[in-house]
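Examining the three-dimensional arrangement
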Amino acid sequence: MTTQAAAPMRIPRPCHFLMCPPTYFDVRYAINPWMDPGDPPDRRVAMEQWERLRALLVDLGHRVELAEPEPGLPDMVFAANAATVVDDRILVSSFRHPERRGETAAYERWFRARGYRQVRRAGRTNEGQGDHLLAGGRLLAGHGFRTERESHPETGGFLRRDVVELTLVDARFYHLDTAFAVLAEDTVMYWPGAFSAAGRRRLAALFPDALLVEEADAAAFGLNAVSDGRNVLLPSGAAALADRLRGRGFEPHLVDAGELMKAGGGPKCCVLHLHHASATPWERRP
Ligand code: ARG
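Rules behind the numbers
- Residues numbered from 1 in each chain as written.
- Predicted model: local features only at pLDDT ≥ 70, side-chain atom pairs only at ≥ 80, totals over all residues.
- Buried ≥ 20, exposed ≤ 12 C-beta atoms within 10 Å, placed from the backbone.
- Helix = DSSP H or I, 4+ residues; strand = E, 2+ residues; numbered from the N terminus.
- Expected span 1.5 Å × (residues − 1).
- Arc of directions from axis to C-beta.
- Contact = placed C-beta atoms within 7 Å.
- Near = placed C-beta within 6 Å.
- Nonpolar A, V, L, I, M, F, W, Y, C, P; charged D, E, K, R; others polar.
- Core = buried A, V, L, I, M, F, W, Y, C linked by C-beta atoms within 7 Å.
- Pairing = 2+ DSSP bridges.
- Right-handed = clockwise from strand over helix to strand, strands pointing away.
- Axes fitted to C-alpha atoms, helices over the stretch in contact; angles between N-to-C directions.

Details of unusual backbone geometry
- Backbone geometry at D87 places phi at a positive 55°, although glycine is not the residue there.
- Residue D87 is classed as partly exposed on the basis of its 14 C-beta neighbours within 10 Å.
- You will see that F221, though not glycine, has its phi angle at about 70°, which is positive.
- By the secondary structure assignment, F221 is in the loop between α5 (215-219) and β12 (226-227).

Given below as structure tokens:
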């Protein structure tokens, strides 16, 4: 009789997140194919979904800070787009669409008020952790729909990381974090169809053991997942992907993000990882 070796238990790492409540959340314009102003979200339900996400992260032992939502910025709930954080360096985003540009000042204020010293406002268009993901010391940077390719040298230079450029080609997956997720230092998952041929080759070479996700799971926003190295929070439509994650030793948590997805954002879009800021001035305070 053969017994299948169980996947090794994975160790979660405590994370530090920034979120912003969907107080003024709405779909009043369409800047991605998921948004339809004719089918606006129910804000009360969106708030419940967001609150459950926040509570789950706290229950899992993570620290969640909150940014102050501002009227007139209905997408501010998608905090992942606010900045890219590496060590103590904060590159505050410059948004492609005028509808979101007001978020830059709002989030920059938050970082400055917190006492971060190395805060820079991006000179070129980049949409923060929507398009920038740290995987094992490398900074993966998507472009094609939002972040402009020309922004990568500024990003890599300021954050002092080598940048791996990835071209996105499917408008449904307009940010890197809708097509690619970092699960642990050594493990990533993605849907290859979202990337150019060169991008697919680059990813295959860098991550030979990646979990390749089915299009149906990607279309359910399954790649818009928040992982602490063990627990993976992903939208409830991606149940098949959750089973595959379990097979790799992760603990999936399906969360209902239906109202937020009407704006083209899932659980990962709602959180900005601050944990790359290893020792923030805030933490150093006596
Ligand atoms: N409505 C927002 C936009 O189109 C959604 C942002 C989703 N964020 C993300 N990190 N993928 O900009």
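After that view, the rundown keeps rolling.
Things to note about helix α1 (residues 43-59)
- When the terminal C-alpha atoms of α1 are compared, their 24 Å separation across 17 residues agrees well with the 24 Å that a helix rising 1.5 Å per residue should span.
- Here α1 has its buried residues at A46, Q49, W50, L53 and L57. When α1 is viewed along its axis, its buried side chains cluster within an angular range of 95° and face the same direction. Residues R44, E51, A55, V58 and D59 are exposed on α1 and point more than 90 degrees away from its buried face.
- Of the surrounding elements, those touching the buried residues of α1 are β1 (16-19), β2 (63-66), β13 (231-235), β14 (251-255) and α7 (258-261).
- In the stretch just after α1, G61 is the one whose phi turns positive, near 100°.

Thoughts on the site of the ligand
- The immediate surroundings of the ligand are formed by 16 residues, with A80, G130, H175, G265 and C269 found nearest.
- Each residue belonging to the shell around the ligand can be placed in one class, and the counts come to 6 nonpolar, 7 polar and 3 charged.

What to know about the nonpolar core
- Ranked by internal contacts, the top residues of the largest apolar core, which has 81 residues, are A79, A179, L223 and C270.
- Sort the elements by how many residues they give to this core and strand β9 (residues 180-184) lands first, with 5 residues.
- With sequence-adjacent residues up to four places away left out, C270 is seen in contact with M19, W50, L53, V77, F78, A79, L260 and G265.

As for the pairing of strand β7 (residues 138-143)
- A large share of β7 lies buried, amounting to 5 of its 6 residues.
- In the sheet, strand β6 (residues 132-135) pairs with β7 via 4 bridges, with the strands oriented antiparallel. Residue A135 lies in a different strand from β7, and its bridge partner there is R138.
- Relative to strand β8 (residues 163-167), β7 is paired through 5 bridges, and the arrangement is parallel. Within β8, the position partnered with L139 by the bridge is V163.
- Taking the sense of rotation as the criterion, the β-α-β connection linking β7, helix α3 (residues 152-159) and β8 turns out right-handed.

Quick notes on the sheet that holds β13
- Read from one edge of the open sheet, 3 strands run β12-β13-β14, paired in mixed fashion. Only two strands of the sheet have a single partner each, and these edge strands are β12 and β14.
- Bridge count between β13 and β14: 5 bridges; the pairing is parallel. Bridged to P235 within β14 is V255.
- Along the sheet, α1 contacts β13 and β14; its crossing angle with β14, the most-contacted strand, is approximately 160°.
- Each of β13 and β14 is contacted by helix α6 (residues 239-247), which is oriented at about 165° to β14, the strand it contacts most.

Remarks on the sheet that holds strand β11 (residues 211-212)
- If you trace the 3 strands from one edge of the open sheet to the other, you get β9-β10-β11, paired in mixed fashion. Looking at the sheet topology across the chains shown, the edges are occupied by β9 and β11.
- Summarising the sheet, strand β10 (residues 187-190) and β11 pair through 2 bridges and their orientation is parallel. Bridge pairing in β11 places M189 opposite L211.

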